Amino acid sequence: MQDSLHSADYKRALRRELRRRRQSLSPREQHQAASRLCQQLKRLPEIRRARRLSLYLPMMGEIDPTPLIPWLRRRGVSIYLPVLRPFSTNTLWFVAYHHATPMIKNRFGINEPATRFAAKRQHRLPAWALDTLIVPLVGFDAQANRMGMGGGFYDRSLAFMRRPGPKPTLLGVAHDCQQVDTLPIEPWDIALSAVVSDKQIIRPKTF
Ligand SMILES: Nc1nc2c(c(=O)[nH]1)N(C=O)[C@@H](CNc1ccc(C(=O)N[C@@H](CCC(=O)O)C(=O)O)cc1)CN2
Ligand SMILES: Nc1ncnc2c1ncn2[C@@H]1O[C@H](COP(=O)(O)OP(=O)(O)OP(=O)(O)O)[C@@H](O)[C@H]1O
């Protein structure tokens, strides 16, 4: 039972089901979820005190965190986007996102800052130098465990969280319908500070 529950097959099937759920939301439901999510986020101290924050541009039914952008800009927050790092296996760069950032579609069809812009050191920050990361989720549970797209992009890029040093706040975001009873925890999973959906804020219980 445990074995089948924790198998890669089970995770693959669960991902497919949860992605189907979020893609079946209507444009109206998507819009409402995005604005409720952003209302919740604006109240969080981890967002209110952030000076350097990363978020993502949504694809394929993901909940949309971008309504937060004008509010963040008014507060003078620097905004960064994840960029697939070239010539490296499934790790991310966090690249400055402002009006002059040239954008291009990556191999998954997601808009991201163009490589020639992202390649310049002055345009990016190491993940540990961000205050807060808004992380896209495919699934979450009541313990704030997370599951992503399955590429290990965030887990790899956040592996420094296990070592001593500065640690940004990690906020996972998803539609409320992406909650499941329990998620398998993998040894490489990096814990979130909270999961925020359009309906709730879940913080992991500390034992
Ligand atoms: N909006 C957004 N941006 C993001 C992420 C994300 O989850 N959401 N990522 C977070 O990691 C990174 C991209 N990761 C991704 C991983 C897998 C797939 C994907 O569609 N995989 C296909 C297989 C495609 C293939 O193998 O070529 C699939 O699962 O069907 C997309 C993005 C960086 N940017
Ligand atoms: N720090 C790491 N170093 C090397 N490989 C890793 C690391 N973290 C994750 N991986 C690999 O990435 C793959 C995907 O991991 P997992 O199924 O947990 O994806 P996920 O949590 O959905 O991904 P993401 O981090 O992109 O949201 C696994 O095969 C795992 O071995």
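Residues numbered from 1 in each chain as written. Chains lettered and ligands numbered in written order. Predicted model: local features only at pLDDT ≥ 70, side-chain atom pairs only at ≥ 80, totals over all residues.

Named according to an unreviewed UniProt entry, the protein chain is 5-formyltetrahydrofolate cyclo-ligase originating from Vreelandella arcis. As its UniProt record puts it under Sequence similarities (unreviewed entry), the protein chain is described as follows: "Belongs to the 5-formyltetrahydrofolate cyclo-ligase family." What the UniProt record of the protein chain gives under Catalytic activity (unreviewed entry) is the line "(6S)-5-formyl-5,6,7,8-tetrahydrofolate + ATP = (6R)-5,10-methenyltetrahydrofolate + ADP + phosphate". (UniProt positions renumbered as here; feature names shortened; annotations may be inferred.)

## So, the sheet that holds strand S10 (residues 169-173)
Across the sheet, 8 strands lie side by side as S6-S3-S2-S1-S7-S10-S11-S12; this open sheet has mixed pairing. With one partner strand each, in any of the chains shown, strand S6 (124-125) and strand S12 (201-202) form the two edges of the open sheet. Pairing analysis gives 2 bridges linking strand S11 (residues 194-196) to S12, with the strands arranged antiparallel. Pairing of Val195 across the sheet is with Ile202, part of S12. (Pairing = 2+ DSSP bridges. Helix = DSSP H or I, 4+ residues; strand = E, 2+ residues; numbered from the N terminus.)

## Some points on the site of ligand 2
Around ligand 2, the surrounding shell holds 15 residues, and the nearest of these are Gly148, Gly152, Tyr154, Asp155 and Trp188. For the shell around ligand 2, the element with the highest residue contribution is helix H7 (residues 153-157), accounting for 4 residues. Class assignment of the residues belonging to the shell around ligand 2 gives a composition of 6 nonpolar, 4 polar and 5 charged. (Near = placed C-beta within 6 Å. Nonpolar A, V, L, I, M, F, W, Y, C, P; charged D, E, K, R; others polar.)

## So, the site of ligand 1
Contacts to ligand 1 come from 16 residues, most closely from Tyr56, Phe108, Met149, Gly151 and Phe153. Class assignment of the residues belonging to the shell around ligand 1 gives a composition of 12 nonpolar, 3 polar and 1 charged.

## Comments concerning the confidence of the model for the protein chain
In this model, the protein chain carries a mean pLDDT of 95, and residues with pLDDT of at least 70 account for 97%. Across the interface, the model reports ipTM at 0.94; the global pTM reads 0.95. (pLDDT = per-residue confidence, 0-100.)

## What about the UniProt feature "binding site: substrate" (unreviewed entry) in the protein chain?
Mapped onto this structure's residue numbering, the UniProt feature "binding site: substrate" (unreviewed entry) falls at Leu57 and Glu62. Relative to the helices and strands, Leu57 is located in the loop between strand S1 (52-54) and helix H5 (69-74). Dropping the residues within four chain positions of it, Leu57 is found in contact with Thr66, Leu81, Ile110 and Asn111. Tracing the backbone shows Glu62 in the loop between S1 and H5. According to the C-beta neighbour criterion, Glu62 is buried, with 23 such atoms within 10 Å. Each residue touching Glu62, except ones within four places of it in the same chain, is listed here: Arg22 and Pro136. (Contact = placed C-beta atoms within 7 Å. Buried ≥ 20, exposed ≤ 12 C-beta atoms within 10 Å, placed from the backbone.)

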